[in-house]
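What follows is the residue order along each chain.
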Amino acid sequence: MRYLPASEEDIRQMLGAIGAERVSDLFASIPEDLRLKGPLDLPEAVAEPVLRERFVTRSIRNSSPTCRPCFLGAGAYDHYAPAPIDQLLMRAEFYTAYTPYQPEMAQGTLQAIFEFQTMMADLTGMDVSNASLYDGASSVAEAALMAHRIHRGSTVLVARSVHPAYREVLRTYTKHLGFTIAEVPYGADGRLDLAALKGALNPDVCLVLAGQPNFFGVVEDLKAVAGALEGDKKPLLGAVVAEALSLALIEPPGACGADMVCGEARSFGLPLGYGGPYLGFISTRQAHMRQLPGRIVGETVDADNRRGFVLTLTTREQHIRREKATSNICSNEGLCMLAATIYLASMGRKGLRDLALQNLSKAEYLKAALRAKGIQPLFGAPTFNEFAVRVPSAEKATDAAYKADLLGGYDLGREYPELEGGYLLCATERVSKLACDRLAALLGGLS
Amino acid sequence: MNIPSDLKYTKSHEWIRVEGNVGTAGITDFAQQELGDIVFVEAPAQGSAVAAGAPMGSVESVKAVSEINAPASGTVSAVNADLTDHPELLNADPYGKGWILKITFANTGELSGLMDAAAYAAYVAESAH
Amino acid sequence: MSRPIEEKLLFEKDHPGRVGASVPPSDVPEVDPRTLFGDMVRGAAPAFLPEMSEVDVVRHFTRLSTYNYAVDFGLYPLGSCTMKYNPKINEEVARLEGFARLHPLQPESTTQGALELMATLQNALCAITGMDACTLQPAAGAHGEFTGVQLIRAYLENQGDARKVMLIPDSAHGTNPASAHFSGYAVEQIQSGPDGCVDLEALKARMKPDVAAIMLTVPNTLGIFEKNIAQICRILHANGSQVYVDGANLNALMGITRPGDWGADVMHINLHKTFSTPHGGGGPGAGPVACKAHLEPYLPRPVLAKKEGRYLWDRDRPKSIGKVLGFNGNFLVLVRALCYIETMGADGLKRASELAVLNANYMRSKLRPLLELGFDGPTLHEVVFCDKGLPGGVTTLDLAKRLIDYGFHPPTVYFPLIVHGALMIEPTETEPREEMDRFVEAVAAIVKEAEENPAYVKAAPHNAYRRRLDEVAAARNPRLTYKP
């Protein structure tokens, strides 16, 4: 076996050094009656050339945006990742290293995390960021746990227009911790219903969560949401950013009065990958940094007074504080964080804005093309690169799109029974004008 | 090791200086030595109530967290704000500039349960074995 | 190259006017965001997104990479982390466009290849662990622990009483108590006996109706197999409690013994440890959870099902604990893990575990003349030494830092907490003997240096990119972002 260097002679010599006769002697501490009697019920080893073909076969039994323009978003947006990213991720010094526990031999990873934290804090308008979380959904759950520690209240008001999967994970995480999770409805324009929010506020509310943009692609008036929160037991405001590219064009939540920003940064150079690995993030104000979950890197100096980086504020974490830790997270999404750092450095402030602007323009074009075919938007508020329309049947729309070699949108009726016939469409830089025209004609022709 | 004779001590290594109805409290020289370089102090807010023997805050080194227990019951009447930016005062001067808070006592009778310097010195010597 | 280049931060390399990636020309009219968003348009451009050419970017990160140590350089003996070789074919297949570009919400009819792959992996993990069902949704080990404890809680609740207490040995990873806490359980630590195992009599005495479950790492973090594990399962079950096995150390057991056969109810598996997927500088991992049939109704939804020869996501799972991750799990990590399992086959996996244990015992026997063991009993895939007898006042940390100068990543240090100054060594099966010998020689040299010139050892590392870093200053005055 090519991953196992020990030859028969090595094994003989090692057993000699140990003073054992057979390898099986080393397992003497496992009671005989617990030993597996036969072989594992698994196929025999497959040689690399054969196995590669098998995986290619598995991969082509899927139909991906490689050959079909993708109008499906709903929390996972089809963006291009520049070629250097994957080449750099393939450097063994990055991908075959572990968490930087020994800073003297992990400065590469540590410096990259410090750069990521700086860029994410800047993009979200916050003071500090952590080194990553699993994904957007779990970042929302961690934000709720964090807000509870800061504010002490146990009620979370989450906009119904926050990603449905994020809301479900929030419920799973808080189910046994005495939280009340209540939903704030959206108004007719697709934005959070401010009057309903004000009506739902009470001193136990520790956190208000609003999507930015929300699940319908709608850009929230986050300043108005912040303005609606008052009193001395005022809750924290958390912005949930499922499409991080929007941060290049929309006023950052930090500038709108948010206290924390969490979400999904997969758009920054990572593949769609059928759902993972993705890149959760969380950023906040300096005052709350000790309540952040997960790893954080800080700047310091070495014994020769040269700049260096270390994992810091580690007493928050499970390996020290155990059940009193701010989170149970250990491994995070290190390599995904690196991909995003490379992506943001490659795009730069101008490139990222240009790209965001193009996304907005494509979506507006598609919206207009659909309107011309009689397909109307569901909501009136402005949107970024995704928006909801009404179609006669979401299922038929998806089928028809697929037959025309397009990946259609998301059926809103699946998670929002009140929006039956609602269809969520996104347009990134990867769909052409022609594809938009084709989709519009096709949806306009449905009955 | 420094164990001033004019202070009272707890088994969890806090000290308190009693002046009438008010006590000034901190952690002992032994405690700061055990913890090593202190990087953060979390004290209760001014005005909050603390109960003798119950945790009221914590001190942190880079790789450990240690709870601070209240040496006496009462109300926190002052907190040492210098510790926010200079937690190292706890290492440098645990009985002086490294004081953590002042407590207005609820019941001065409770103080008789604390150790004097001699008893604390014996206690530390014993627990070192 | 002699000394690595001192690479500045990205923000210090900002060079306005340079471009590092091409945005395609737009084929639609440009929209003015101000007319759409009003005062919700971003005012200030992000100051810390640097403008760099592709060359600048590639050099920056390539230089950073030279400051890192990695498995592809040499022995990376972090105990309980299982830093085994990361096969290259895994990386290749995970990048096939038919996997990498799949949208997580595509209709199942368009993702049959991916679903078949996931089903095959689930079946393989059940075969290896002796369990009945499996979810691939958790994104890492701790995430799997949380999921598993949630399964236990949902099951007990359905029986009428969720109970209150989770029993966890003092040798456990910190993630265990944290995962139990975030599931609403009070954590009760149980002391290890003198043999490093659970004290059976103490355990029996603790069996009261408030105990929900026990979380056990087997073999434990000392590398010791919990010899009474079957009896422990019976004791807990007789009390109406459940048994959670932390599979962090599964690399010692493949094809040899299975948690499902001991009586364990649920466990997680770290694909980034046992199944060779890369650690990536701290993730992404994957932490599938395997369980017995009685816990299956509670698995996170959706659950992979097969009807009339087609795979589909079954969302109609009324007893499910709910989702734990936004989408379908860390799929591209799962691709790598299945590639490894199919490469190794049944015999190969068993051989891997045998050789992992052989390598660990070889290092144990070679290091024993130099270091004191933490516990004396027989160990499997890892071995823990303590700092007793280190000469010249040299500490575990000093020894670890000096190993860096000898070109090795240090072992896990100061864990488990029950061993004073612990040094926890796990070579894994992919280390050649001469690499382990080189490590042993380095430890011997350092012990000698500690006798002759302890001050030098205490000031290590001397030859790394950075000397010892001031963690106290970092924590006292946190600087978490770049300030010009």
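Here the structure is a predicted model, which is why all the values come from computation and not from measurement.

Structural notes on the overall build of chain A
Link 1 in the chain: Counting secondary structure elements, chain A contains 13 helices and twelve strands.
Link 2 in the chain: If one aligns the C-alpha atoms of chain A with their principal axes, the spans along those axes are about 80 × 55 × 50 Å.
Link 3 in the chain: Considering chain A as a whole, with its 447 residues, one finds that 69% of them fall into the buried category.
Link 4 in the chain: For chain A, restricting intrachain contacts to residue pairs at least 6 apart in sequence, the fraction spanning at least 24 positions comes to 72%.
Link 5 in the chain: Carbon and sulfur atoms form 51% of the exposed surface of chain A, whose accessible area is close to 13,800 Å².
Link 6 in the chain: The averaged location of the 51 negative side-chain charges in chain A is 3 Å from the averaged location of its 46 positive side-chain charges.

Quick look at the overall build of chain B
Link 1 in the chain: The helix and strand inventory of chain B stands at four helices and nine strands.
Link 2 in the chain: Along its sequence from the N terminus, chain B presents helices and strands in the succession β-β-β-α-β-β-β-β-β-α-α-β-α.
Link 3 in the chain: Expected size for 129 residues packed as a compact globule is a radius of gyration near 14 Å; at 13 Å, chain B falls within 12% of this value.
Link 4 in the chain: Counting only C-alpha atoms, chain B reaches 35 × 35 × 20 Å along its principal axes.
Link 5 in the chain: Counting every position in chain B, which comprises 129 residues, the buried fraction comes to 47%.
Link 6 in the chain: In the structure as shown, chain B presents an accessible area of about 6,000 Å², 50% of it carried by carbon and sulfur atoms.
Link 7 in the chain: Positive and negative side-chain charges in chain B, numbering 6 and 16 respectively, have mean positions lying 4 Å apart.

What about the interface of chain C and chain A?
Link 1 in the chain: Tallying the contact residues gives 207 residues for chain C and 191 residues for chain A.
Link 2 in the chain: Each partner contributes to the roughly 17,100 Å² buried at the junction of chain C and chain A, and carbon and sulfur atoms together form 63% of this total.
Link 3 in the chain: On the chain C side of the contact with chain A, Met40, Arg101 and Leu480 of chain C bury the most area, a combined 5% of that side's loss.
Link 4 in the chain: Applying the counting rule to chain C against chain A returns 17 salt bridges.
Link 5 in the chain: Residues Asp14 of chain C and Arg349 of chain A are paired through a salt bridge, measuring 2.4 Å at the closest nitrogen-oxygen approach.
Link 6 in the chain: With 27 residues, the top contributor of residues to the side of chain C that touches chain A is helix α11 (residues 331–367) of chain C.
Link 7 in the chain: Tallied by class, residues from the side of chain C that touches chain A come to 113 nonpolar, 50 polar and 44 charged.

Comments concerning the packing of helix α11 (residues 334–372) of chain A against helix α13 (residues 433–444) of chain A
All names here are of chain A.
Link 1 in the chain: The contact between α11 and α13 brings their axes to 9 Å, and the two run at 30°. The orientation of α11 relative to α13 falls into the category roughly parallel. Between α11 and α13 lies a crossing whose hand is right-handed. Counting all contacts with α11, which are made through Tyr365, Leu366, Ala369 and Leu370, the residues of α13 involved are Lys433, Cys436, Asp437, Leu439, Ala440 and Leu443.
Link 2 in the chain: Residues belonging to the contact of α11 with α13 are distributed by class as follows: eight nonpolar, no polar and two charged.

Some remarks on the sheet that holds strand β2 (residues 14–19) of chain B
All names here are of chain B.
Link 1 in the chain: Reading across from one edge, β1-β2-β3-β9-β8-β5 is the order of the six strands in this open sheet, with antiparallel pairing throughout. Strand pairing shows two members of the sheet lacking a second neighbour, β1 (8–9) and β5 (49–50), which therefore form its edges.
Link 2 in the chain: Pairing of strand β3 (residues 22–27) with strand β9 (residues 101–105) involves four bridges; the strand directions are antiparallel. Looking across to β9, one finds that Ala25 is bridged to Leu101.

Observations regarding the interface of chain B and chain C
Link 1 in the chain: Each side of the interface is counted separately: chain B has eight residues, and chain C has four residues.
Link 2 in the chain: Regarding the contact of chain B and chain C, the summed buried area is about 520 Å², with carbon and sulfur atoms giving 56% of it.
Link 3 in the chain: Scanning the region where chain B abuts chain C turns up one salt bridge.
Link 4 in the chain: A salt bridge links Glu471 of chain C to Lys63 of chain B; the shortest N-O distance between them is 3.1 Å.
Link 5 in the chain: For the pair chain B and chain C, the number of links is three residue pairs in polar contact (both at pLDDT 80 or more).
Link 6 in the chain: Broken down by class, the residue content of the side of chain B that touches chain C amounts to four nonpolar, one polar and three charged.

Concerning helix α2 (residues 54–65) of chain C
Link 1 in the chain: The terminal C-alpha atoms of α2 of chain C lie 17 Å apart, and with twelve residues this matches the ideal 16 Å at 1.5 Å per residue to within 8%.
Link 2 in the chain: Among all positions in α2 of chain C, only Asp56, Val57, His60, Phe61, Leu64 and Ser65 of chain C are buried.
Link 3 in the chain: Buried residues along α2 of chain C sit against α3 (83–89), α4 (92–95), α5 (107–124) and α11 of chain A.

So, the packing of helix α6 (residues 136–151) of chain A against helix α7 (residues 164–174) of chain A
Residues and elements named next belong to chain A.
Link 1 in the chain: Where α6 meets α7, the closest approach of the two axes is 8 Å, and the angle between their N-to-C directions is 45°. Considering the angle they form, α6 stands oblique to α7. For the pair α6 and α7, the crossing hand works out as right-handed. Along its contact with α6, which presents Gly136, Ala137, Ser138, Val140, Ala141, Glu142, Ala144 and Leu145, the element α7 presents Ala165, Tyr166, Val169, Leu170, Tyr173 and Thr174.
Link 2 in the chain: Broken down by class, the residue content of the contact of α6 with α7 amounts to ten nonpolar, three polar and one charged.

Concerning the domain arrangement of chain A
All names here are of chain A.
Link 1 in the chain: For chain A, the assigned domains are domain 1 (83–343) and domain 2 (348–444).
Link 2 in the chain: On a C-alpha basis, the centroid separation for the pair domain 1 and domain 2 is 28 Å.
Link 3 in the chain: Listed per partner, the contact involves 26 residues of domain 1 and 26 residues of domain 2.
Link 4 in the chain: Where domain 1 abuts domain 2, roughly 1,900 Å² becomes buried across the two surfaces, and 69% of that area is made up of carbon and sulfur atoms.
Link 5 in the chain: It is Phe216, Leu245 and Leu249 in domain 1 that bury the most area against domain 2; as a group they hold 30% of the surface buried on that side.
Link 6 in the chain: For the interface between domain 1 and domain 2, the tally reads one salt bridge.
Link 7 in the chain: Between Glu418 and Arg160 there is a salt bridge whose closest N-O contact spans 2.9 Å.
Link 8 in the chain: At the junction of domain 1 and domain 2, the tally comes to eight residue pairs in polar contact (both at pLDDT 80 or more).
Link 9 in the chain: Residues of the side of domain 1 that touches domain 2, tallied by class, amount to 16 nonpolar, five polar and five charged.

Focus: the nonpolar core
Link 1 in the chain: Phe55 of chain A together with Leu203, Leu271, Phe275 and Phe331 of chain C are the most contacted members of the largest nonpolar core, which has 128 residues in total.
Link 2 in the chain: In terms of residue count, the dominant contributor to this core is α11 of chain C (20 residues).
Link 3 in the chain: Setting aside chain neighbours within four positions, we find Leu271 of chain C in contact with Leu121, Leu125, Ser276, Thr277, Ala286, Pro288, Val333, Leu334 and Ala337 of chain C.
Link 4 in the chain: Counting 126 residues, the second largest nonpolar core, distinct from the first, contains Met120, Leu207, Ala228 and Ala340 of chain A.

Here we look at the environment of Thr314 of chain A
Link 1 in the chain: Here Thr314 of chain A is to be found in the loop between β9 (307–311) and α10 (318–321).
Link 2 in the chain: In this structure Thr314 of chain A comes out as buried when scored by relative accessible area, which is 11%.
Link 3 in the chain: Counting along the chain gives eleven residues from Thr314 of chain A to Ala325 of chain A, while the straight-line C-alpha distance between them is 9.6 Å.
Link 4 in the chain: Apart from the residues lying within four places of it in its own chain, the contact partners of Thr314 of chain A are His319 and Ile320 of chain A together with Val62 of chain B.

Here's the deal with the packing of aromatic side chains
Link 1 in the chain: Here the structure, examined in full by the defined rule, presents 31 aromatic pairs over all chains.
Link 2 in the chain: With 5.4 Å between their ring centres and 90° between their planes, Phe215 of chain A and Tyr410 of chain A make a pair best called edge-to-face. Taken together, the residues span a long stretch of sequence, with Phe215 of chain A in the loop between β4 (205–211) and α9 (222–227) and Tyr410 of chain A in strand β11 (residues 410–411) at a distance of 195 residues.
Link 3 in the chain: Exposure remark for Phe215 of chain A: the relative accessible area of 4% places this residue in the buried category.
Link 4 in the chain: Measuring from centroid to centroid gives 6.3 Å for Tyr120 of chain B and Tyr123 of chain B, while their planes differ by 35°, and the two rings are tilted. Pair noted here: Tyr120 of chain B and Tyr123 of chain B are both in helix α4 (residues 117–127), with a separation of three residues, about one helical turn.
Link 5 in the chain: Above the plane of the ring of Tyr402 of chain A lies Arg68 of chain A, whose end atom (NZ or CZ) is 3.8 Å from the centre.

Quick word on the pattern of salt bridges
Link 1 in the chain: Using the criterion set out here, one finds 65 salt bridges over all chains in the structure.
Link 2 in the chain: Arg258 of chain C is the partner of Asp261 of chain C in a salt bridge, and the nearest nitrogen-oxygen pair spans 2.9 Å.
Link 3 in the chain: Look at Asp261 of chain C and you get partly exposed, because its relative accessible area is 40%.
Link 4 in the chain: Of the charged contacts, one joins Arg317 of chain C and Glu296 of chain C as a salt bridge, the two residues approaching to 3.2 Å between their closest N and O atoms. On the criterion of sequence distance, the pair formed by Arg317 of chain C in the loop between β9 (310–314) and α11 and Glu296 of chain C in the loop between β7 (289–291) and β8 (303–307) is long-range, its members being 21 residues apart.
Link 5 in the chain: Under the relative-accessibility criterion, Arg317 of chain C is labelled buried at 13%.
Link 6 in the chain: Accessibility expressed as a relative area gives 26% for Glu296 of chain C, which makes it partly exposed.
Link 7 in the chain: Through salt bridges with shared partners, one network takes in Arg160, Arg167, Arg171, Glu183 and Glu418 of chain A.

Procedures and definitions
- Residues numbered from 1 in each chain as written.
- Chains lettered and ligands numbered in written order.
- Predicted model: local features only at pLDDT ≥ 70, side-chain atom pairs only at ≥ 80, totals over all residues.
- Heavy atoms only, no water.
- Helix = DSSP H or I, 4+ residues; strand = E, 2+ residues; numbered from the N terminus.
- Buried < 20%, exposed > 50% of the residue type's maximum accessible area, 1.4 Å probe, protein only.
- Contact = heavy atoms within 4.5 Å.
- Areas by Shrake-Rupley, 256 points an atom, 1.4 Å probe, with all protein chains shown as cover.
- Lys, Arg positive; Asp, Glu negative; His and termini not counted.
- Charge placed at Lys NZ, Arg CZ, Asp CG, Glu CD.
- Rg over C-alpha atoms; globule rule 2.2 N^0.38 Å.
- Buried area = accessible area lost by both parts, 1.4 Å probe.
- Salt bridge = Lys/Arg side-chain N within 4 Å of Asp/Glu carboxyl O.
- Nonpolar A, V, L, I, M, F, W, Y, C, P; charged D, E, K, R; others polar.
- Axes fitted to C-alpha atoms, helices over the stretch in contact; angles between N-to-C directions.
- Parallel < 35°, antiparallel > 145°, perpendicular 65-115°, else oblique.
- Left-handed = near helix turned anticlockwise from the far one by under 90°.
- Pairing = 2+ DSSP bridges.
- Polar contact = N/O pair within 3.5 Å; in protein donor to acceptor, adjacent residues only side chain to side chain.
- Expected span 1.5 Å × (residues − 1).
- Domains from an automatic or database assignment.
- Core = buried A, V, L, I, M, F, W, Y, C linked by side-chain atoms within 4.5 Å.
- Phe/Tyr/Trp six-rings, centres within 6.5 Å; stacked < 30°, edge-to-face > 60°.
- Lys NZ or Arg CZ within 6 Å of the ring centre and 35° of its normal.

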